[in-house]
Amino acid sequence: MCGKRDATVRGRGRIGLLAELCEACWQRLANDIAEEEGATAAPLPDPDPDTMTWIEPPACPECGAEVRVYPTNYDRWVSLATRERPAKDVPPRYRWRLVPTAGGLVAVRVRGIEPLLGDPVVPDHRMFCVAEEDGADDGWGAR
Ligand SMILES: [Zn+2]
Ligand SMILES: [Zn+2]
């Protein structure tokens, strides 16, 4: 993107090849996608393989509801609802699906093709978040 050719330039993306960029350009691109898709959750701590201690299920910092936090294809994290819903019940911008990879499940926004009305999708937690409904600024200004 910036034409730089150094050691930080490599293929990016957890699924397939999203882009080949240097670190700075990749961070900028990932931030842009994350903001557009709403993948702004705090990352989960790495599980400690040495201890088998129970890890608390993640909760939304805004409303306290239980959520599922997944990495996206661009190293950002998103809070999703704990249960799937048929696509017809979920507005397009809140539709995600989970893709199994060698490193675990990765959340991918459903876009491009319209899913069948009965297809299960995983809704973005913000669809249900009480805090969000209170008119939280979503960055788009007045609607
Ligand atoms: Zn660059
Ligand atoms: Zn919430």
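See the structure shown above.
Notes on the structure in this doc start here. (Residues numbered from 1 in each chain as written. Chains lettered and ligands numbered in written order. Predicted model: local features only at pLDDT ≥ 70, side-chain atom pairs only at ≥ 80, totals over all residues. Heavy atoms only, no water.)

1. As for the environment of Ala107
- Its place among the elements puts Ala107 in strand β7 (residues 104-109).
- Expressed as a C-alpha distance, the spacing of Ala107 and Tyr74, which sit 33 residues apart in the sequence, is 9.8 Å.
- With residues up to four places along the chain from it excluded, the contact list for Ala107 reads Tyr70, Pro71, Thr72, Asn73, Val78, Leu80, Trp96, Arg97 and Leu98. (Helix = DSSP H or I, 4+ residues; strand = E, 2+ residues; numbered from the N terminus. Contact = heavy atoms within 4.5 Å.)

2. Some thoughts on the coordination of the zinc ion (ligand 2)
- Distances from the zinc ion (ligand 2) to its protein donors, Cys60 (SG), Cys63 (SG), His125 (NE2) and Cys129 (SG), fall within 2.0 to 2.3 Å.
- Coordination geometry of the zinc ion (ligand 2): the 4 donor atoms subtend angles of 103 to 114 degrees at the metal centre, consistent with an arrangement described as tetrahedral.
- Counting along the primary sequence, the residues that act as donors to the zinc ion (ligand 2) give the motif C-x2-C-x61-H-x3-C.
- Owing to a relative accessible area of 7%, Cys60 belongs among the buried residues under this scheme. (Donors = N, O, S within 2.8 Å, 3.2 Å for Na, K, Ca; no water. Tetrahedral: all angles 85-135°; square planar, octahedral: opposite > 155°, others 65-115°. Buried < 20%, exposed > 50% of the residue type's maximum accessible area, 1.4 Å probe, protein only.)

3. Let's talk about the nonpolar core
- Counting 16 residues, the largest nonpolar core has Ala39, Tyr74, Val78, Leu80, Trp96 and Ala107 as its most contacted members.
- Contributions of two or more residues to this core are made by β2 (19-21), α1 (23-37) and β4 (77-80).
- Counting residues per element, this core draws most heavily on α1, at 4 residues.
- Leave out the neighbours within four places in its chain, and Ala39 touches Ala34, Thr72, Tyr74, Arg76, Trp77, Val78 and Trp96. (Core = buried A, V, L, I, M, F, W, Y, C linked by side-chain atoms within 4.5 Å.)

4. Here we look at the coordination of the zinc ion (ligand 1)
- Those protein atoms acting as donors to the zinc ion (ligand 1) are Cys2 (SG), Cys22 (SG) and Cys25 (SG), and they sit at 2.2 to 2.3 Å.
- Sequence positions of the donors to the zinc ion (ligand 1) reduce to the motif C-x19-C-x2-C.
- The class of Cys22 is buried, set by a relative accessible area of 4%.
- Its relative accessible area of 2% is what places Cys25 among the buried residues.

5. With respect to the pattern of salt bridges
- The full count for this structure, using the stated rule, is 8 salt bridges.
- Taking the shortest distance from any N to any O, the salt bridge between Arg68 and Glu66 comes out at 3.0 Å.
- Relative accessible area serves as the criterion here: at 31%, Arg68 is assigned to the partly exposed category.
- By relative accessible area, Glu66 is classed as partly exposed at 42%.
- A salt bridge links Asp124 to Arg126, with the nearest nitrogen and oxygen atoms 2.8 Å apart. (Salt bridge = Lys/Arg side-chain N within 4 Å of Asp/Glu carboxyl O.)

6. Let's talk about the pairing of strand β3 (residues 68-71)
- Relative to β4, β3 runs antiparallel, the two sharing 4 bridges. Residue Pro71 lies in a different strand from β4, and its bridge partner there is Trp77.
- Taking the residues between adjacent antiparallel strands as the criterion, β3 and β4 are bridged by 5 residues, where Asp75 takes a positive phi near 65 degrees. (Pairing = 2+ DSSP bridges.)

7. So, the sheet that holds strand β5 (residues 85-86)
- Strand order in the open sheet formed by 4 strands is β5-β8-β6-β7, with antiparallel pairing between adjacent strands. Both edges of this open sheet fall to β5 and β7, since each of them pairs with a single strand only.

8. Focus: the side chain of Asp124
- Its place among the elements puts Asp124 in the loop between β8 (120-123) and α2 (130-133).
- The class of Asp124 is buried, set by a relative accessible area of 1%.
- In contact with Asp124, other than residues within four places in its own chain, are Glu37, Gly38, Val78, Ser79, Leu80, Ala81, Tyr94 and Trp96.

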